Structure formats: C-alpha cells, structure tokens
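One-letter residues, chain by chain:
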Amino acid sequence: MTVIVDYDAGNLRSVQRACAEVGVHATITADADRIRDAERIIFPGVGIARAAMASIRAGGIDRALIDAFNDGTPILGICIGMQISLEHSEEGDVETLGLIPGRVKRFTMQNPALKVPHMGWNDVRVTQSHPLLTHVRPGDEFYFVHGYYPHPTDANAVYAVADYEADFCCALGVRNFFGTQFHPEKSGRVGLQLIENFALWDGGRA
C-alpha cells in the first residue's frame, strides 16, 4: 500500500493523480497508524514549515514518519515534505523532523532580477546516480515553486542540483528517504517517470 500523507498542506490530489497515471494506487490519509504501516510513503506539500510541523505533531504523524524511516520504508518527500524532513528550517525558525541532518535556508539573491520565490521550470543536474533519477537526462526540466532550499550537512546526501543564481540542492537522499525540492507531480513526463521509479524502489541505492 502506498500512502500520501495528509497534513493540511495541499497539493494532495495532484500527487494522487500523478500516481494513478503510472498505475500506482495511492491512498490519501492523515491516520498515523496507516502511515506507519504503509509499504511506501509519499510526503508532499506546499505551505509554511512552522504550520506544517504543528499539523503533523498534532496528529502524531511526526512519530509515524520517524518510525517508518527507521523501519526502512521507502519515503518520497516533495517540496515542504522534503524540507521538514531535515533538522531545522529558517522558515519560521522551527525545529523539524530530523530524518536528514541539515537545515533549510532562505534564498538571498544578489541579482534583483531574480525573484523569491523561485517559480517555474528549471534544469536539474544529477550529481550522483540514484534509482529514482535513473531516467533524468541533461537538459531535463522540473517545476519549482519555493523560497527556501535544503542544505544537508553531508554533501554525499545531494543527488541533484539546480541553478538559481548559484547551484542549490534540489534532490537529496539518505537511506530509504529521497526528497525533491521540485514537484514531480507537476513536471510532465520526467516527473511521472520519477514517481514510477519510486513505486519500484526498495529503499536502497543500487
């Protein structure tokens, strides 16, 4: 069973439709026990880190996600779902889940022509191979909408970068967790391929 975590962060139906397009039946749930017992977990969302953390703590979803991660369940974090899987976010100065060592930082642009949030299509450059990025080719673009970006402590956790004045991490992974700053569910063919790859992933690197 694949579950999509519902913590009032929006965009859930788009993720569910993308899963259906690649033949994956995914259930939207806020039930901590169902999340804990799932075979695969998609942790999506748009919104604000502090509000997101308050919501998942209120429903016990934080503990369920930590348990699932420790049990080796494959987890795909998307946008705010990926961000609050690190230890701390500058968005609201909030402590987050701590699955991934590192912090989430706000864009500080020197070029006034570059606006925050960063919104739209952007090339993604794979920096090391991962099963979820198998079909990503040079020049492939994914859709972004965000004002903050992940900065994992371990550079080996970075699997892809994008350029917005400077390179920033846009895909990271540790053990059975993989996260994207971009939205695969809004990124056409290459995004759907990433979701299909996730459906086949056993949580390992090879």
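Just so we're clear, the structure is a prediction, and the values are computed from it rather than from any experiment.

Enquirer: What exactly am I supposed to notice about a negative patch on the surface here?
Expert: Residues Glu87, Glu90, Asp93 and Glu95 make up a contiguous surface patch of negative charge. Along the chain, Glu90 turns up in the loop between β5 (88–89) and β6 (94–95).

Enquirer: Help me understand the sheet that holds strand β7 (residues 102–106), please; the structure alone is not making it clear to me.
Expert: Across a sheet, strands are paired by hydrogen bonds formed along the backbone, either parallel or antiparallel in direction. In spatial order, the strands read β6-β5-β7-β11; together these four strands make up an open sheet with mixed pairing. Each having just a single partner strand, β6 and β11 (148–152) make up the two edges of the open sheet. Relative to β6, β5 runs antiparallel, the two being bridged by two bridges. Along β6, the bridge assignment pairs His88 with Glu95.

Enquirer: Could you clarify how one ought to interpret the nonpolar core in this entry?
Expert: One recurring pattern in soluble globular proteins is that nonpolar side chains are buried together. Core analysis: the largest hydrophobic core is formed by 35 residues, its most contacted members being Tyr7, Ile41 and Ile84. For this core, the elements supplying multiple residues, two or more each, are β1 (2–5), α2 (32–37), β3 (40–43), α3 (49–58), α4 (61–71), α5 (80–83), β12 (158–164) and β13 (166–174). The element that contributes the greatest number of residues to this core is α4, accounting for six residues. Not counting chain neighbours up to four residues away, the residues in contact with Ile84 comprise Tyr7, Phe43, Ala49, Ala52, Met53, Ile56, Thr96 and Leu97. Counting 33 residues, the second largest nonpolar core, distinct from the first, contains Ala18, Ile42, Phe198 and Trp201.

Rules of the game
Residues numbered from 1 in each chain as written. Predicted model: local features only at pLDDT ≥ 70, side-chain atom pairs only at ≥ 80, totals over all residues. Heavy atoms only, no water. Patch = residues over 30% accessible without salt bridge, like charges linked within 9 Å, V, L, I, M, F, W, Y side chains within 5 Å. Areas by Shrake-Rupley, 256 points an atom, 1.4 Å probe, with all protein chains shown as cover. Salt bridge = Lys/Arg side-chain N within 4 Å of Asp/Glu carboxyl O. Lys, Arg positive; Asp, Glu negative; His and termini not counted. Charge placed at Lys NZ, Arg CZ, Asp CG, Glu CD. Helix = DSSP H or I, 4+ residues; strand = E, 2+ residues; numbered from the N terminus. Pairing = 2+ DSSP bridges. Core = buried A, V, L, I, M, F, W, Y, C linked by side-chain atoms within 4.5 Å. Buried < 20%, exposed > 50% of the residue type's maximum accessible area, 1.4 Å probe, protein only. Contact = heavy atoms within 4.5 Å.

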